[in-house]
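Letter by letter, the chains look like this.
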Amino acid sequence: MLGLAMLVQPVASLAKEKEPKPVELNETELAALQKREIPAGVDVVFRSSISALQEMSYVNINASKDAGTITAETDAKSKLVYNIFWGFGKKKLTQLASVFVEPISPTLTRMSIKLQTVEAKARMGSSYSDGKPVVFAEPYNAFYTEFEKALSVRMAEAAAAVAPVAVVPADEAAATAAAIPAEPTP
């Protein structure tokens, strides 16, 4: 019995260990992570941003190409909660994304993304929400990973659409012209 207890003890101590909490970014690091300059046109960056949000399971995507803004939120189920003072209510936790895309030049675009976690609560006929900015690098890096995939696909499509026209060397053009018989003049 003592041997079994000795075997179980290391397993129990491992279960108590928690995964390390992600490191919060300071304001400078967060600002640097939120903004990027992309060597592509504004249209391609805009469409790639929407595609990245869709791949990350964001819903309710609203985009205004004229304003250069995209907003989206994650889908979350509300759950019933009980508070001894307020009684029963509902709580819903979602993540909001706001993307701003602006052209710097025809081939350079600035993109900034802000992520926010919003907790919406409803109780006794009233509701309110409380939002906090996401200050961890992982969600931003996940967005940029999906964005890079979408951007590379769109850049490849654009390159294929503008395939170069075959240029005939001057020697071949002259030889071809000489081989064609001249029409008789009346």
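Residues numbered from 1 in each chain as written. Predicted model: local features only at pLDDT ≥ 70, side-chain atom pairs only at ≥ 80, totals over all residues. Heavy atoms only, no water.

### With respect to unusual backbone geometry
- Phi is positive for Ser57, close to 70 degrees, though the residue is something other than glycine.
- Relative to the assigned elements, Ser57 resides in the loop between helix H3 (42-55) and strand S2 (58-64).
- Backbone geometry at Asn60 places phi at a positive 50 degrees, although glycine is not the residue there.
- You can see Asn60 is positioned in strand S2. (Helix = DSSP H or I, 4+ residues; strand = E, 2+ residues; numbered from the N terminus.)

### Looking at the nonpolar core
- Residues Leu53, Val99, Met111, Tyr140, Phe143 and Phe147 are the most contacted members of the largest nonpolar core, which totals 26 residues.
- Elements supplying a minimum of two residues to this core: helix H2 (27-34), H3, strand S3 (69-74), strand S5 (87-105), strand S6 (108-123) and helix H4 (137-161).
- With six residues, H3 is the largest single contributor of residues to this core.
- The contacts of Met111, once residues within four sequence positions are left out, are Gln34, Lys35, Arg36, Ile38, Val45, Ser49, Val99, Phe100, Val101, Phe143, Tyr144 and Phe147. (Core = buried A, V, L, I, M, F, W, Y, C linked by side-chain atoms within 4.5 Å. Buried < 20%, exposed > 50% of the residue type's maximum accessible area, 1.4 Å probe, protein only. Contact = heavy atoms within 4.5 Å.)

### As for the confidence of the model for the protein
- For the protein, per-residue confidence averages 78 on the pLDDT scale, and residues scoring 70 or more make up 63% of the total.
- In the model of the protein, helix H1 (residues 2-16) stands out as the element of lowest mean pLDDT, 50, in contrast to strand S1 (residues 35-38), which has the highest, 96.
- Every residue in residues 1-8 scores below 50 in pLDDT, and together they form zero contacts with partners more than four places removed in sequence or on other chains. (pLDDT = per-residue confidence, 0-100.)

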